[in-house]
Amino acid sequence: MSRFSNTNLINKFLRLAPLIILYLSVLNEFDFNYSKILSFNFPFILIFYWSLRKSEALGYGYIFVAGLLNDVVNALPIGISSFNYLFICGFAAYLRTITLRPNLVKDWLFFLITIMVVNSLSYSLLYLTFSIDLNYNSLFFNTFLTFLLYIVFAYIFMLYQKSFFREGND
């Protein structure tokens, strides 16, 4: 009996891993999105993949709160990251609705469009409303590296999904 409940507890913990990783990625002191050397936005990748493939793994309320926490940690105006994260969820929900057969390459290309729209809206809002100066070179490299790393993390998440959720999409 104790073995069954212990296994059940571990299984529940493993099913919450995407949410835990999201909160760890927005609460860490070293944020890859704002580093000078290797700049990419891991929460964008995580939110897009799990909102697209298994939408119940991350709830919209949890994603909104993660965005607020990210704003506090990175000293951004409150709500900017939440806006970005929920916008990504909207794009993922749209793609999930129109897709008959999931394809990783098509998802990857749609992710590029998504992050380009989200980053342009976000940085336009930051510049026009809050007069925050932007470095367009770092924005371009951040978007490009996030796009390139999506395929790597999507493959890792797909393996995780097949292992612990006992299912897969591709």
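Rules of the game
Starting from 1, residues in each chain are numbered consecutively following that chain's sequence as written. With pLDDT at 70 or above as the cut-off, local features in this predicted model cover only qualifying residues; side-chain atom pairs require 80 or more to be listed or tallied, and sums for whole chains, interfaces and linings still use all residues. In computing side-chain properties, one takes all heavy atoms of the structure into account and sets aside hydrogens as well as water. Any Lys or Arg side-chain nitrogen located within 4 Å of an Asp or Glu carboxyl oxygen qualifies as a salt bridge. Elements are defined by DSSP. Helices are runs of H or I of four residues or more, strands are runs of E of two residues or more, and each kind is numbered from the N terminus. A 1.4 Å probe rolled over the protein chains alone gives each residue an accessible area, and that area as a share of the maximum for its type sets the label: buried under 20%, exposed over 50%, partly exposed in between. Joining through side-chain atoms within 4.5 Å is the link that ties buried Ala, Val, Leu, Ile, Met, Phe, Trp, Tyr and Cys residues into a set, and such a set is a nonpolar core. Whether two residues are in contact is decided by their heavy atoms: any pair within 4.5 Å suffices. Angles here are taken between N-to-C directions and fall from 0 to 180 degrees, while the axes themselves are lines fitted to C-alpha atoms, restricted in helices to the stretch in contact. To sort the angles, those under 35 degrees are grouped as roughly parallel, those over 145 as roughly antiparallel, those from 65 to 115 as roughly perpendicular, and the leftovers as oblique. We call a crossing left-handed when the near helix sits turned anticlockwise from the far one by less than a right angle, and right-handed when that turn is clockwise. Here the nonpolar group is Ala, Val, Leu, Ile, Met, Phe, Trp, Tyr, Cys and Pro; Asp, Glu, Lys and Arg are the charged ones; every other residue, Gly included, is treated as polar. Patch definition: residues with relative accessible area over 30% and no salt bridge; like charges joined within 9 Å; nonpolar side chains (Val, Leu, Ile, Met, Phe, Trp, Tyr) joined within 5 Å. Surface accessibility follows the Shrake-Rupley procedure with a 1.4 Å probe radius. Residue values consider only the protein chains on display as shielding. For a helix, the expected span equals 1.5 Å multiplied by the residue count minus one. Paired rings are identified among Phe, Tyr and Trp, the last through its six-membered ring, by centres lying within 6.5 Å, and are further divided according to the angle between planes into stacked (under 30 degrees), edge-to-face (over 60) and tilted (the rest).

**What about the pattern of salt bridges?**
Working step 1: Under the defined criterion, the tally for this structure stands at two salt bridges.
Working step 2: With its nearest N and O atoms 2.5 Å apart, the salt bridge here joins D107 to R53. Placement of the pair is D107 in helix α6 (residues 104-130) and R53 in helix α3 (residues 42-53), with a sequence separation of 54 residues.
Working step 3: The salt bridge partner of K54 is E56, with a shortest N-O separation of 2.9 Å.
Working step 4: You can call K54 buried: its relative accessible area is 10%.

**What about the nonpolar core?**
Working step 1: The biggest cluster of nonpolar side chains holds 39 residues, and the ones touching the most others in it are L22, I47, F48, W50, Y150 and F157.
Working step 2: Those elements giving two or more residues to this core turn out to be α2 (17-27), α3, α4 (60-74), α5 (80-98), α6 and α7 (136-164).
Working step 3: Residue contributions to this core peak at nine residues, all from α3.
Working step 4: Here F157 is in contact with F42, I45, L46, Y49 and W50, once residues within four sequence places are set aside.

**Here we look at the side chain of S82**
Working step 1: Its location among the elements puts S82 in helix α5.
Working step 2: By relative accessible area, S82 is classed as buried at 0%.
Working step 3: Setting aside residues up to four positions removed in sequence, S82 forms contacts with F64, G67, L68 and D71.

**Digging into the packing of α2 against α4**
Working step 1: Packing of α2 against α4 brings their axes to within 8 Å, and their N-to-C directions diverge by 20°. With respect to α4, the element α2 is oriented roughly parallel. Crossing hand, α2 versus α4: right-handed. Packed against α2, whose contacting residues are L19, L22, Y23, V26 and L27, the element α4 presents Y62, I63, V65, A66, L69, N70 and V73 at the interface.
Working step 2: Tallied by class, the residues present in the contact of α2 with α4 amount to eleven nonpolar, one polar and no charged.

**With respect to the environment of V72**
Working step 1: As for its placement among the helices and strands, V72 is situated in helix α4.
Working step 2: For the pair V72 and V26, spaced 46 residues apart in sequence, the C-alpha to C-alpha distance is 9.6 Å.

**With respect to a nonpolar patch on the surface**
Working step 1: The grouping of F13, L16, I20 and L24 at the surface amounts to a nonpolar patch, some 390 Å² of accessible area in total.
Working step 2: Inspection of the secondary structure puts F13 in helix α1 (residues 2-15).
Working step 3: Looking at F13, the relative accessible area reads 52%, which means it is exposed.

**Considering α3**
Working step 1: Counted at 1.5 Å a residue, the expected span for α3 with its twelve residues is 16 Å, and the 17 Å between its end C-alpha atoms agrees.
Working step 2: Counting buried positions over the twelve residues of α3 gives twelve, a clear majority of the element.
Working step 3: The set of residues buried in α3 consists of F42, P43, F44, I45, L46, I47, F48, Y49, W50, S51, L52 and R53.
Working step 4: In this fold, the buried residues of α3 make contact with α2, α4, α5, α6 and α7.

**Overview of the packing of aromatic side chains**
Working step 1: As enumerated under the stated definition, the model contains 20 aromatic pairs in all.
Working step 2: Judged by centre distance (4.5 Å) and plane angle (20°), the rings of F111 and Y150 are stacked. Of this pair, F111 sits in helix α6 while Y150 sits in helix α7, and the two are 39 residues apart along the sequence. Neither residue differs from the other here; F111 and Y150 are each classed as buried.

**As for the environment of Q161**
Working step 1: Looking at the element boundaries, Q161 is found in helix α7.
Working step 2: The class for Q161 is buried, based on a relative accessible area of 0%.
Working step 3: C-alpha separation for the pair Q161 and K54, spaced 107 residues apart in sequence, amounts to 8.8 Å.

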